[in-house]
Amino acid sequence: ASFLTRQLREQDGIALHGGEEFLLVLRQAREDGKTIMERMARHWTQLEPASTFSAGIAVYEGQDRRACLKSADLMLLEAKTKGRNQVVWYPATPVL
């Protein structure tokens, strides 16, 4: 968790979500959210002991928060299915 906290901006937030997963809230990061997560993934893979980094991203745009969280969770599952060390965005092509 300390690694992730150091990577976040002051306005961002982090919470444990499940046993080994974290929920990150990247406020006002629509354009660069995926870039932030890909940077984290690159740095994560250099840590010791070695472990994988997978991320599922969903943009909250006023819809039901549970639906947004479910979308992010589905993207995380897709990232893990693709072979880990993946960052998957919902929808597949973000609207900028």
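Let us look at the structure shown here. (Residues numbered from 1 in each chain as written. Predicted model: local features only at pLDDT ≥ 70, side-chain atom pairs only at ≥ 80, totals over all residues. Heavy atoms only, no water.)

Here we take up the nonpolar core. Met37, Met40, Phe53 and Val87 are the most contacted members of the largest nonpolar core, which has 16 residues in total. Contributing elements (two or more residues each) for this core: α1 (2–7), α2 (33–44), β3 (55–58) and β4 (87–90). Element by element, the count of residues in this core is highest for α2, at five residues. (Core = buried A, V, L, I, M, F, W, Y, C linked by side-chain atoms within 4.5 Å. Buried < 20%, exposed > 50% of the residue type's maximum accessible area, 1.4 Å probe, protein only. Helix = DSSP H or I, 4+ residues; strand = E, 2+ residues; numbered from the N terminus.)

Attention now moves to the side chain of Asp12. Its place among the elements puts Asp12 in the loop between α1 and β1 (13–16). You can call Asp12 buried: its relative accessible area is 11%. At a separation of 2.8 Å, a polar atom in the side chain of Asp12 contacts the side chain of Arg9. Ignoring anything within four residues of it in the chain, the contact list for Asp12 reads Val25, Leu26 and Arg27. (Polar contact = N/O pair within 3.5 Å; in protein donor to acceptor, adjacent residues only side chain to side chain. Contact = heavy atoms within 4.5 Å.)

Of the strand pairs in this sheet, β1 and strand β2 (residues 22–25) are connected by four bridges, and their pairing is antiparallel. Pairing of Ile14 across the sheet is with Leu24, part of β2. Two successive antiparallel strands, β1 and β2, enclose a turn made up of five residues, where Gly18 displays a positive phi of approximately 85 degrees. (Pairing = 2+ DSSP bridges.)

Glancing now at helix α3 (residues 65–81). Its 17 residues give α3 an end-to-end C-alpha distance of 24 Å, which sits within 8% of 24 Å, the value for a rise of 1.5 Å per residue. Among the residues making up α3, those that are buried are Cys68, Ser71, Ala72, Met75, Leu76 and Ala79. Buried residues of α3 fall within an arc of 140 degrees about the axis and therefore sit on the same side. Exposed residues on α3 whose side chains face more than 90 degrees from its buried face are Arg66, Lys70, Leu77 and Thr81. Lining the buried residues of α3 we find β3 and β4. Taking the backbone nitrogen of Arg66 as reference, a side-chain oxygen 3.1 Å away marks Asp64 as the first, capping residue of α3. (Expected span 1.5 Å × (residues − 1). Arc of directions from axis to C-beta.)

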